Amino acid sequence: MSAEAPTLTKASATRPAPVVRAAGKRPRRRLGPGRPVPYGWAIGPLLLLALWSVGSAAGFIDARNLSAPWTVVSTTGDLIAEGRLQSNLATSAERALLGLLFGTAAGLALAIAAGLSRIGEGIIDGPVQIKRAIPSLALIPLLILWFGIGESMKVITIALGVFVPVYIHTHNGLRTIDGRYAELAETVRLSRTGFVRHVVLPGALPGFLLGMRFAVTAAWLSLVVVEQVNATSGIGYMMELARTYGQTDIIIVGLVVYGLLGLISDALVRLVERKALSWRRTLAG
């Protein structure tokens with residue numbers, strides 16, 4: 001026993017110490033992108049703002065072509081005091097939300113119909129792919145002939161820009177669901193409604209949320225254009241009117257508003273995505 005003791009002690013001394021991990025902490029990934037940076041989404045916009053400010057202060061940027069940030073801030077205060085910014089923003093937000101609502105509903109319904117039925121796919125997928133190849137803006141002259149220049153044309157144009165990314169990504173999410181889930185649902189004799197509720201919708205959720213990120217961007221991009229086509233209100237109308245009088249500061253205010261709306265809406269979708277798909281282990285998590 002005493003002869004074996006030194007051998008055991010030497011072996012234990014050369015054995016690597018066990019790694020003790022704190023409870024609730026994930027192991028650090030050497031090959032991943034690293035830990036999340038607090039407010040990392042604001043780094044890029046702040047850098048652009050800094051370059052813009054330095055360029056304006058140093059005289060590298062002509063104020064007639066691009067107003068300085070402090071001029072834009074002053075103009076924003078004037079527009080708010082006059083009530084013009086709030087009124088036009090409310091009109092633009094209403095158009096974008098209505099178009100996003102109708103476009104999302106149409107894209108989701110068509111994706112489910114095409115994803116669960118070969119006949120539905122044959123009927124729906126082809127026309128959607130054709131629409132995908134035709135920019136929504138190219139349809140504006142035809143939509144004006146059909147619906148006039150009122151709110152209906154503007155909302156429909158936004159909806160057409162929204163439903164394609166929702167359909168494409170949701171349909172792809174449905175088609176990539178593991179076929180063994182369908183076999184398991186048949187084995188346990190799950191009804192069609194139960195199959196859609198417990199297998200199809202959760203399986204398509206990642207694709208749907210990805211499509212929503214593209215959809216909210218498409219909604220604001222479409223809004224920019226339709227509000228400059230015979231509109232009498234909205235952020236785009238305010239910018240078009242400012243272009244007529246050469247007011248670059250008001251144009252920049254409109255661009256900043258559009259950018260903030262797009263950034264906030266995308267952040268909201270990403271927040272929902274993180275909450276709804278918290279079970280996934282990805283490099284972003």
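Model, not experiment: these values are computed from the prediction.

Bringing the overall build of the protein chain into the picture now. On a plain count of helices and strands, the protein chain comes out with 11 helices and 0 strands. Counting from the amino terminus, helix and strand elements in the protein chain follow one another as α-α-α-α-α-α-α-α-α-α-α. For the protein chain, with 285 residues in total, the buried portion stands at 33%. Total accessible area on the protein chain stands at roughly 18,400 Å², and carbon and sulfur atoms take up 65% of it.

Right, let's talk about the packing of aromatic side chains for a bit. In the structure shown here, the tally under the stated rule is 1 aromatic pair. With a centroid separation of 6.4 Å and 80° between ring planes, the pair formed by Trp146 and Phe147 is classed as edge-to-face.

Before going further, it helps to spend a moment on the layout of surface pockets. Here the idea is plain: a probe the size of a water molecule rolls over the atoms and shows the empty space left. The volume enclosed by the second largest pocket comes to roughly 590 Å³. Every residue lining the second largest pocket is counted, 19 residues in all, and those nearest its centre are Pro45, Leu49, Trp52, Val256 and Leu260. Broken down by secondary-structure element, the contributors of at least two residues to the lining of the second largest pocket are helix H2 (43-58), helix H3 (69-82) and helix H11 (248-276). For the lining of the second largest pocket, the leading source of residues is H11, giving 7 residues.

Where helix H4 (residues 84-116) meets helix H9 (residues 192-226), the axes come as close as 9 Å, and the angle between the chain directions of the two elements is 145°. Viewed along their axes, H4 and H9 form a crossing whose handedness is right-handed. Seen from H4, the contacting residues are Ser92, Arg95, Ala96, Leu100, Thr104, Leu108, Ile112 and Leu116; seen from H9, they are Arg192, Val196, Val200, Leu201, Phe208, Met212, Ala215, Val216, Ala219, Trp220 and Leu223.

What follows deals with the confidence of the model for the protein chain. For the protein chain, the average pLDDT comes to 81, and 86% of its residues sit at 70 or higher. Within the model, pLDDT remains below 50 along residues 1-12, and this stretch shows 0 contacts once partners closer than five positions in the same chain are excluded.

Looking now at the pattern of salt bridges. Following the criterion strictly, the structure yields 8 salt bridges and no others. Between Asp62 and Arg64 there is a salt bridge; the shortest N-O distance is 2.9 Å. Linking Arg95 and Glu227 is a salt bridge whose minimum nitrogen-to-oxygen distance equals 3.0 Å. Of this pair, Arg95 sits in helix H4 while Glu227 is found in the loop between H9 and helix H10 (235-244), placing the two residues 132 residues apart along the sequence. In this structure, Arg95 and Glu227 share a single accessibility class: buried. By sharing partners, the salt bridges in this structure join Arg95, Glu151 and Glu227 into a single network.

What follows concerns the environment of Thr217. Assignment of secondary structure puts Thr217 in helix H9. A relative accessible area of 40% places Thr217 in the partly exposed class. Sequence-wise, Thr217 and Gly259 are 42 residues apart; in three dimensions their C-alpha atoms are separated by 9.8 Å.

Direction vectors running N to C along H4 and helix H7 (residues 151-175) enclose 35°, while the axes themselves pass 6 Å from each other. In the packing of H4 onto H7, the handedness of the crossing is right-handed. Tallied by class, residues from the contact of H4 with H7 come to 18 nonpolar, 7 polar and 4 charged.

Let us now look at a nonpolar patch on the surface. Residues Val256, Leu260, Ile264, Leu268 and Leu271 make up a contiguous nonpolar surface patch of about 430 Å² in total accessible area. The residue Ile264 is located in helix H11 in this model.

The subject of this paragraph is the side chain of Ser265. Relative to the helices and strands, Ser265 is located in helix H11. If sequence neighbours within four positions are ignored, Ser265 has contacts with Val216 and Trp220.

Rules used throughout
- Residues numbered from 1 in each chain as written.
- Predicted model: local features only at pLDDT ≥ 70, side-chain atom pairs only at ≥ 80, totals over all residues.
- Heavy atoms only, no water.
- Helix = DSSP H or I, 4+ residues; strand = E, 2+ residues; numbered from the N terminus.
- Buried < 20%, exposed > 50% of the residue type's maximum accessible area, 1.4 Å probe, protein only.
- Areas by Shrake-Rupley, 256 points an atom, 1.4 Å probe, with all protein chains shown as cover.
- Phe/Tyr/Trp six-rings, centres within 6.5 Å; stacked < 30°, edge-to-face > 60°.
- 1 Å grid on protein atoms, 1.4 Å probe; cavity = no way out; pocket = protein on both sides within 12 Å on 5 of 7 lines; lining within 4 Å.
- Points joined across faces, edges and corners; volume = space filled by probe spheres on them.
- Axes fitted to C-alpha atoms, helices over the stretch in contact; angles between N-to-C directions.
- Left-handed = near helix turned anticlockwise from the far one by under 90°.
- Contact = heavy atoms within 4.5 Å.
- pLDDT = per-residue confidence, 0-100.
- Salt bridge = Lys/Arg side-chain N within 4 Å of Asp/Glu carboxyl O.
- Nonpolar A, V, L, I, M, F, W, Y, C, P; charged D, E, K, R; others polar.
- Patch = residues over 30% accessible without salt bridge, like charges linked within 9 Å, V, L, I, M, F, W, Y side chains within 5 Å.

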